[in-house]
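An overview of the molecular structure
Listed below, chain by chain, are the residues.
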Amino acid sequence: MLKVCKLLEIFNLATHIISSSMYHTANLYLVEVWKVKQVIDNASKDEDFFIRDIAAPMKQKFDKYWGQCNLLMSIASVLDPRCKFRIIGICFHLLYKPKEIAKENMENV
C-alpha cells in the first residue's frame, strides 16, 4: 500500500502545480512531466509484480500523450532564466527515446 501511495503522490503534486491558481506559469510544466515519467519508469521496473501491473498501463498512456514534443511547454521552459536550454537537454533525453528523437525535438525547440 505504501508503494502505491508513493507512486500516486507524484501525480498529486504535478496536478497541484499544473492546475493550481498559485502556480500559473508554463515554465514549471516540463519539469513536472519529467518527474511523472521518471516515477512511472521506475515503477515499471519495480520488483513488486503488483506495482509493475499498475505502472504498465500508466506508461502506455503517458507515452501516447507525451510521446511527441510539446513545443509550447518546451519554449516556456527555455525562456525561464533559471532553466534556459539546459532543462530541455536534461528532460528530453528521458522523455524521448532513442537519443536521435530527443536530439531532433531539441533542434525543433
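Refer to the structure printed above.
Residues numbered from 1 in each chain as written. Predicted model: local features only at pLDDT ≥ 70, side-chain atom pairs only at ≥ 80, totals over all residues. Heavy atoms only, no water.

**Thoughts on the overall build of the chain**
Cut-off, in case you're wondering: In this description a helix means any DSSP run of H or I spanning at least four residues, a strand means any run of E spanning at least two, and both kinds are numbered starting from the N terminus. Between two residues, a contact is recorded if the distance between any of their heavy atoms is within 4.5 Å. Residues scored as charged are limited to Lys and Arg (positive) and Asp and Glu (negative), so that His and the chain ends carry no count. Here the site of a charge means NZ on Lys, CZ on Arg, CG on Asp, or CD on Glu.
When helices and strands are counted, the chain shows six helices and zero strands. Listing the helices and strands of the chain from first to last along the sequence gives α-α-α-α-α-α. Once the C-alpha set of the chain is aligned to its principal axes, its extents read approximately 40 × 35 × 20 Å. Counting contacts in the chain only where the partners sit at least 6 residues apart, residues at least 24 apart contribute 57% of the total. Mean positive and mean negative side-chain charge positions of the chain (15 and 12 charges, respectively) differ by 3 Å.

**Concerning the packing of aromatic side chains**
Here is the rule: When two rings of Phe, Tyr or Trp (its six-membered ring) have centres within 6.5 Å they constitute a pair, described as stacked for plane angles under 30 degrees, edge-to-face for angles over 60, and tilted for the intermediate range. Residue burial is assigned from relative accessible area. The probe radius is 1.4 Å, only protein chains are included, and a residue is buried under 20% of its type maximum, exposed over 50%, and partly exposed in between.
Applying the stated criterion across every chain, the model contains one aromatic pair. Taken together, a centroid distance of 5.0 Å and an interplanar angle of 90° make the contact between Phe-92 and Tyr-96 edge-to-face. Each member of the pair, Phe-92 as well as Tyr-96, carries the same accessibility label: buried.

**A few points about unusual backbone geometry**
Of note, the amide linkage connecting Lys-97 to Pro-98 takes the cis form, showing an omega dihedral of -5°. On the secondary structure map, Pro-98 appears in the loop between α5 (86-95) and α6 (99-108).

**Structural notes on helix α2 (residues 29-44)**
In plain terms, the rule: Multiplying 1.5 Å by the helix residue count minus one yields the expected span of that helix.
With 16 residues, α2 extends 23 Å from end C-alpha to end C-alpha; this agrees with the ideal 22 Å at 1.5 Å per step. In this structure, the buried side of α2 is in contact with α1 (2-19), α3 (49-66), α4 (71-79) and α5.

**Details of the packing of α1 against α2**
Between two packed helices, the angle of one axis relative to the other and the distance separating the axes together describe the packing. For clarity, the threshold we go by: Interaxial angles span 0 to 180 degrees and are taken between N-to-C directions of axes, which are lines fitted to C-alpha atoms, for helices over the stretch in contact. For classification purposes, an angle smaller than 35 degrees is called roughly parallel, one larger than 145 roughly antiparallel, one from 65 to 115 roughly perpendicular, and anything else oblique. Throughout, the ten residues Ala, Val, Leu, Ile, Met, Phe, Trp, Tyr, Cys and Pro are labelled nonpolar, Asp, Glu, Lys and Arg are labelled charged, and all others, Gly among them, are labelled polar.
In contact at an axis separation of 10 Å, α1 and α2 are set at 170° when each is read in the N-to-C sense. It follows from the interaxial angle that α1 and α2 lie roughly antiparallel. Within the contact between the two elements, α1 uses Leu-7, Ile-10, Phe-11, Leu-13, Ala-14, Ile-17 and Ile-18 and α2 uses Tyr-29, Glu-32, Lys-35, Val-36, Val-39, Ile-40 and Ala-43. A class-by-class count of the residues in the contact of α1 with α2 yields 12 nonpolar, no polar and two charged.

**Things to note about α5**
With seven of 10 residues buried, α5 is to be regarded as a mostly interior element. Within the sequence span of α5, burial applies to Ile-87, Ile-88, Gly-89, Cys-91, Phe-92, Leu-94 and Leu-95. At its buried positions, α5 is contacted by α2, α3, α4 and α6.

**A closer look at the side chain of Ser-74**
We count it as follows: Polar contact criterion, stated in full: a pair of N or O atoms within 3.5 Å, where within protein one must be able to donate a hydrogen and the other to accept it, and residues adjacent in sequence count only if both atoms are side-chain atoms.
Mapped onto the elements, Ser-74 comes out in helix α4. At 2.9 Å, the side chain of Ser-74 forms a polar contact with the backbone oxygen of Asn-70. The residues contacting Ser-74, other than those within four sequence positions of it, are Cys-69, Ile-88, Phe-92 and Val-109.

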